[in-house]
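Below, each chain spelled out in residue letters.
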Amino acid sequence: MDTNNATKYMNPYLAGFLLGLIMLAAYYFTGEGLGASGAFKRYEIAVLEKIAPAYVESNHFFGAHIAAKENILENRLVYMVLGVFFGGFISGAVSGRLTFKVEHSPKITKKTRVIAAIVGGILFGYGSQMGRGCTSGSGLSGMASLSLAGFIALFAIFGSGYLFAYFFRKLWI
Amino acid sequence: MGPLTDIGVLNSNWELLIALVLGIGFGYVLEAAGFSTSRKLAGVFYGYDFVVWRVFFTAALTAMVGLMYFSYLDWIDLSLIYVNKTFLGSAIAGGVIMGLGFIIGGFCPGTSVCAVAIGKLDGLIFLGGVFIGIFLFGATFPLIEEFYTSGALGSILVYDVLGISAGMFVFILILFAIVSFYLTARIQRKAKPVRY
């Protein structure tokens with residue numbers, strides 16, 4: 001399947017099956033699926049609370065968690081994303097993929113890739129909050145729980161990607 | 001019968017530890033499948049690599065079918081699991097913005113963490129962008145608060161909207177997945193290969 005590429009990846013259907021079992025375990029143990037963007041919001045609120053507490057408390061979006069008097073980092077998504085980092089590192093280490101690099105298509109410069117990565121990140125960060133979750137929480141887990149929201153997220157994210165793919169093809173092919 | 005934390009078998013400290021362990025599995029599988037490289041992820045939009053579609057859809061179906069069997073065997077009470085609430089306007093707008101971010105940046109938040117874990121600096125920059133984006137959302141929240149909560153339909157289920165049973169819906173989805181796996185494999189064979 002990936003014979004033209006140097007590094008060996010897991011069979012995608014096996015990977016999907018294993019990921020599905022992990023998600024099933026998440027529902028069985030905690031009643032919720034997988035997620036990522038919720039954790040980033042919490043990391044961010046925790047930092048903002050240290051440097052600009054007045055702003056956080058006055059902001060309707062960030063302040064909602066402070067008002068609820070909860071410990072912002074005592075949350076399952078915060079720990080899950082920490083786990084994603086360790087899990088990714090372990091897999092990269094056993095497969096010999098640990099290297100510091102800016103990966104980009106040979107047709108674009110490193111600078112172009114860096115700009116695209118930050119712009120894409122900003123959009124994804126913004127969209128994930130508007131959509132109440134990213135590809136994992138809103139899309140994948142939303143689909144697994146058969147919520148309408150999950151299928152809307154799937155169509156909107158992938159549909160938009162295909163819609164705009166033509167305009168950004170130079171970045172990738 | 002599950003979910004274990006909801007019925008009080010496990011307290012919240014256990015929940016955090018379990019989340020950490022599940023996260024390790026999640027990150028391991030994502031990285032092993034190649035989700036730590038943006039060029040592989042972007043392949044789904046240009047037809048040269050459909051790994052995202054295969055992993056994503058297989059995972060969703062596995063969990064869906066698993067939950068149905070767990071419910072059938074009385075191992076889990078599906079009325080206790082979290083079902084994402086639907087807000088039509090913000091779900092569509094947020095998804096469209098995320099799709100644009102995906103095609104420009106080449107990652108989603110979870111996959112960028114895997115990329116950072118193996119030393120991808122473009123992943124780190126993307127992640128920095130995510131934090132900026134979240135900050136900007138908070139900063140512009142007063143302007144869009146009304147839109148954010150518009151079209152509220154609650155925790156509604158997709159098969160109820162379609163007026164069919166859960167079993168029928170998942171069965172149709174499995175058939176759709178098999179056809180899509182076959183067709184995307186054909187598209188991928190014809191696409192110009194990309195080395196990365």
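Residues numbered from 1 in each chain as written. Chains lettered and ligands numbered in written order. Predicted model: local features only at pLDDT ≥ 70, side-chain atom pairs only at ≥ 80, totals over all residues. Heavy atoms only, no water.

Student: Looking at this structure, how should I read the domain arrangement of chain A?
Tutor: A common way to report how large an interface is uses the accessible area buried once the components associate. All names here are of chain A. Domain annotation of chain A identifies domain 1 (1–100) and domain 2 (101–173). Each of domain 1 and domain 2 has a C-alpha centre, and these two points are 16 Å apart. Residue-level contacts link 12 residues of domain 1 with 11 residues of domain 2. Note on domain 1 versus domain 2: buried area summed over both sides is about 850 Å², and carbon and sulfur give 61% of it. Summed over the three residues of domain 1 that lose the most area to domain 2, namely M23, Y27 and S37, the buried surface amounts to 46% of that side. Linking domain 1 with domain 2 are zero salt bridges, by the criterion used here. Between domain 1 and domain 2 we count four residue pairs in polar contact (both at pLDDT 80 or more) in total. Elements with a minimum of two residues in the side of domain 1 that touches domain 2: α1 (12–30) and α2 (37–51). When residues in the side of domain 1 that touches domain 2 are grouped by element, the largest group, three residues, is from α1. Tallied by class, the residues present in the side of domain 1 that touches domain 2 amount to seven nonpolar, four polar and one charged. (Domains from an automatic or database assignment. Contact = heavy atoms within 4.5 Å. Buried area = accessible area lost by both parts, 1.4 Å probe. Salt bridge = Lys/Arg side-chain N within 4 Å of Asp/Glu carboxyl O. Polar contact = N/O pair within 3.5 Å; in protein donor to acceptor, adjacent residues only side chain to side chain. Helix = DSSP H or I, 4+ residues; strand = E, 2+ residues; numbered from the N terminus. Nonpolar A, V, L, I, M, F, W, Y, C, P; charged D, E, K, R; others polar.)

Student: When you look at helix α5 (residues 109–117) of chain B in this model, what are you seeing that I'm missing?
Tutor: In an α-helix, one turn spans 3.6 residues, which is why side chains three or four residues apart end up on the same side. Counting buried positions along α5(B) gives nine out of nine residues, so the element sits mostly inside the fold. Turning to α5(B), its buried residues number three or more, namely B:P109, B:G110, B:T111, B:S112, B:V113, B:C114, B:A115, B:V116 and B:A117. Where α5(B) is buried, its residues touch α2, α5 (76–94) and α6 (110–130) of chain A together with α1 (12–32), α2 (38–46) and α6 (121–148) of chain B. (Buried < 20%, exposed > 50% of the residue type's maximum accessible area, 1.4 Å probe, protein only.)

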